[in-house]
Amino acid sequence: MNVVENLDKVTTHLLALLDRPFPSEDNRDSFLEEIDKVLQVRDSLLQRLAPPFSETEMALGKKVALASQQVTPKLESFHKQLKQEWAQIQQSKKTAKAYGQAYSSPTADGMYYDKRN
């Protein structure tokens, strides 16, 4: 099997993975690892891709190019979701720390002053 056929199969598998809904936190690590492995295989195949191409390879190449245009927005969508969750986690840590240390600093007159945002 040549490189273009392998690239077509790997890209189709990647699209199938990305069409799944984003998993919950329990299954997320294995899902992201699987996507990472497929992307690494796909990258190595793309690096091995070299002309000249036959007619069938050109047709498969066009199919792979169209599929690649679908892959990028889906990966960006997953990345955006992960970024939003990470920001929420960081904000909740910051908030918990602020509330946890509310009484740690002494005040000049013994009154409590709420300095949280």
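Above this text is the structure in question.
Residues numbered from 1 in each chain as written. Predicted model: local features only at pLDDT ≥ 70, side-chain atom pairs only at ≥ 80, totals over all residues. Heavy atoms only, no water.

**Here's the deal with the nonpolar core**
Here is step 1 of the chain: Counting residues in hydrophobic clusters, the biggest one holds 16 residues, and the most contacted among them are L14, L18, I35 and F78.
Here is step 2 of the chain: When residues of this core are traced back to their parent elements, those giving at least two are α1 (3–19), α2 (25–48) and α3 (55–100).
Here is step 3 of the chain: Top element by residues in this core is α1. It accounts for 7 residues.
Here is step 4 of the chain: When neighbours within four sequence positions are excluded, L14 is seen to be in contact with I35, V38, L39, R42 and V71. (Core = buried A, V, L, I, M, F, W, Y, C linked by side-chain atoms within 4.5 Å. Buried < 20%, exposed > 50% of the residue type's maximum accessible area, 1.4 Å probe, protein only. Helix = DSSP H or I, 4+ residues; strand = E, 2+ residues; numbered from the N terminus. Contact = heavy atoms within 4.5 Å.)

**Some points on the packing of aromatic side chains**
For any pair of aromatic rings, geometry is given as the distance between the ring centres together with the angle between the planes.
Here is step 1 of the chain: Under the definition given, this model contains 3 aromatic pairs.
Here is step 2 of the chain: Seen from their ring centres, F22 and F31 are 6.5 Å apart, and the 90° between their planes marks the pair as edge-to-face.
Here is step 3 of the chain: Looking at F22, the relative accessible area reads 19%, which means it is buried. (Phe/Tyr/Trp six-rings, centres within 6.5 Å; stacked < 30°, edge-to-face > 60°.)

**Some points on the pattern of salt bridges**
Pairing is possible between side chains of opposite charge, provided their charged atoms come close.
Here is step 1 of the chain: In this structure the tally under the stated criterion is 3 salt bridges.
Here is step 2 of the chain: The salt bridge partner of K63 is D8, with a shortest N-O separation of 3.5 Å. Linking K63 in helix α3 with D8 in helix α1, this pair joins segments that are 55 residues apart in sequence.
Here is step 3 of the chain: Between E85 and R28 there is a salt bridge, and its shortest N-O distance comes to 2.4 Å. Of this pair, E85 sits in helix α3 while R28 sits in helix α2, placing them 57 residues apart in sequence.
Here is step 4 of the chain: E85 gets classed as partly exposed once you look at its relative accessible area, which sits at 27%. (Salt bridge = Lys/Arg side-chain N within 4 Å of Asp/Glu carboxyl O.)

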